[in-house]
Amino acid sequence: MDKLVTLKIDGRSVTVPAGTMIVDAAKELGIVIPVFCYHPKLKPAGMCRVCLVDVGRPQMDRATGAPVLNEDGTPKIAFGPKLETACTTPVSEGMVVWGATEKVMEARKDVLEMLLTSHPLDCPVCDKGGECPLQNLTMKFGPGESRFKFDEKKHLAKRVPLGELILLDRERCIQCGRCVRFQEQLADDPVIGFYNRGRSIQITTFSTPGFDSIFSGNTTDICPVGALTTSDFRFGARAWEMKEKPSICTQCPVGCNIMYNIRREAKSSGRMVIKRVMPRQNEEVNEIWICDKGRFTYHYAESPERLTSPLIRRDGELVQVGWEEAVSYAADKVKAAGSSLAVIASGRLSNEDLFTLKTFSNRINGKAILHTTISGGDWVSRCGLTPGSNLGELGGNDTILVFASDLHEEAPLWWLRVKTAAERGACLIVVNPRKTRLDKYACHTLRYVYGEEGKALQEITSSSGEIASAVKEAENLVIFYGSEGLGLAQSAYVAESLAGVLQSGGRVGKPNNGLVAVWQKGNDQGAWELGFRTDEKLQETISAAMGVYIAGADPASEDPQLKIALQRAGFVIVQDLFLTETAKLADVVLPARAVMEREGTAVNGERRLQHYLPAIPAPVGTRADHEITSAIAQA
């Protein structure tokens, strides 16, 4: 257990672990110490100086090492000649901190006045207006008026593209360094930094293409002023005009918690639209971060290419029809196919959609197929992570094994959390056919070629060797597996073997121990839990089927052989958001709703059940996937 330290802040006593910074100790008492450069997820920097406090420590007798006492027997406190930064000063036993004295308040006012000397008066148009720490702290601690003339302010470029997604307003930047430190310390993409000195210091990008990082959007969240903005939101809306709608991201198996900021606007014909996507804090899933894919891909919901009415093939062409005709036509086709119907779905669908589709498939004795590149989900169901597990708790004597997966590309937030766990001391083992960005943090790396994954598994499960010892002797063991260099059969074999490692160690059912599949879609694990299974002979199954019912999947664009197989199938029914390559081959195309337009639940790769609600109205003419399946079943 951490050593505890007792100190006083503004006359109130608090006990916190040794090493805690004063600013964090103050939070325990509900005392606000203003900060700009400080961030709880970043290392202390002490760059902005607005968190200055008066710090006193017990005076010690140099001869005896004992504290010097006052006449009343209390320790004599010696205050330093200068104020200290609360974000970089660790607490110590008997420390006395004052943050509300005239001396401290005057210093904070001076710091804020200095920051504002060249800060533009953009508040009426700034995207950060209404949620800006600089506004708030200036109102609370800053000067009532400026002694500097507007003409004396330094004027810099107002719209500098750091990259395609992030814009910089150089006048607004207060050089707190949060964005630079985030990219260096957390994202491990040191692609932005400072150049020049003094009043001319500026942020710039060092990468080509600019700001080349899949976590770049997070810098706009932690920027304490409006210096960094996303290109899709800049001048888009004011904070008080938008409503918040909680949801989850389904772009990958992490299932990040997000918040849709929505607004009704005239240029969208009075419709409610999504203005931006923000991370929603959940320390067990994504902490306070999201990747750029989860942040920016919501635009597909507003695409003019969205399907909004059913299509039926007539004389070789797809033509628009009404829902009643399309459902009746699809029902007749399904009835004719009977048990020869292949039902193919993906994790784009919610659990409710998948349950309805699986029940429908069972009623006609069809085959329910999960379209993905990974298999072995039943082993994840048996040996997956249990409630209470949290990757943020891994470190020290724990081990993380990543097999056949590039987490940075496939599940960025897992990469971020695994990397951070390795930095906390967890032993990371990376097994992959090629080098990945996790190798830099790995204790051990293994390479294999296609068809030889068994050799790597043997080294992991052998009774001797450093890798085997790291796996067997770990206090907690989390195993990620994917499909890089593997087929469906091989990934199922890998899952079974890795599950065996967990079972033999008696780890199944224990928090922070388990098997995690790095699925392609957000709810592939949910599909497996509901009875969908992969098909190693999918091409043959499709070719031989009298009919194929595809929901939320696009096999034709992913595999030319599957496209040929679909052309040979008796008939094809597709329900999707767009006219995909698979939909172009269909006899019936039914328009579905996107995740932000409907309610549902999903199971992420950690087997965590999460719920989402509609954020915006769905386009007229679309239906939720489970409603479409129910209509066909009833017909």
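Throughout what follows, the structure given in this document is the object of discussion. (Residues numbered from 1 in each chain as written. Predicted model: local features only at pLDDT ≥ 70, side-chain atom pairs only at ≥ 80, totals over all residues. Heavy atoms only, no water.)

1. Quick look at the sheet that holds strand 24 (residues 547-551)
Stage number 1. Taking strand neighbours across the sheet as the criterion, the seven strands line up as 16-15-26-25-24-17-18 in an open arrangement whose pairing is mixed. For this open sheet the edge positions go to strand 16 (317-320) and strand 18 (367-370), each flanked by a neighbour on one side alone. Adjacent strand axes in the sheet meet at a mean angle of 20° when their direction is disregarded.
Stage number 2. Note: strand 24 against strand 25 (residues 572-576), four bridges, orientation parallel. The residue bridging V548 from the neighbouring strand is V572, located in strand 25.
Stage number 3. Of the strands in this sheet, strand 15 (311-314), strand 17 (341-345), strand 24, strand 25 and strand 26 (588-591) touch helix 7 (residues 323-337), which is tilted by about 130° from strand 26. (Pairing = 2+ DSSP bridges. Helix = DSSP H or I, 4+ residues; strand = E, 2+ residues; numbered from the N terminus. Axes fitted to C-alpha atoms, helices over the stretch in contact; angles between N-to-C directions. Contact = heavy atoms within 4.5 Å.)

2. Considerations on the sheet that holds strand 22 (residues 477-481)
Stage number 1. Strand order in the open sheet formed by five strands is 21-20-19-22-23, with parallel pairing between adjacent strands. Looking at strand neighbours, the two that pair on one side only are strand 21 (444-446) and strand 23 (514-517), the edges of this open sheet. Averaged over all pairs of adjacent strands, the angle between their axes in this sheet comes to 15°, without regard to strand direction.
Stage number 2. Summarising the sheet, strand 19 (residues 399-403) and strand 20 (residues 427-431) pair through five bridges and their orientation is parallel. Each residue of the ladder has a partner; that of T399, found in strand 20, is C427.

3. What about the state of the cysteines?
Stage number 1. Scanning the entire structure with this criterion turns up zero disulfides.
Stage number 2. The thiol of C176 is unpaired, and the distance to the nearest cysteine sulfur, on C223, comes to 6.1 Å.
Stage number 3. The exposure class of C176 is buried, given its relative accessible area of 7%. (Disulfide = S-S within 2.5 Å. Buried < 20%, exposed > 50% of the residue type's maximum accessible area, 1.4 Å probe, protein only.)

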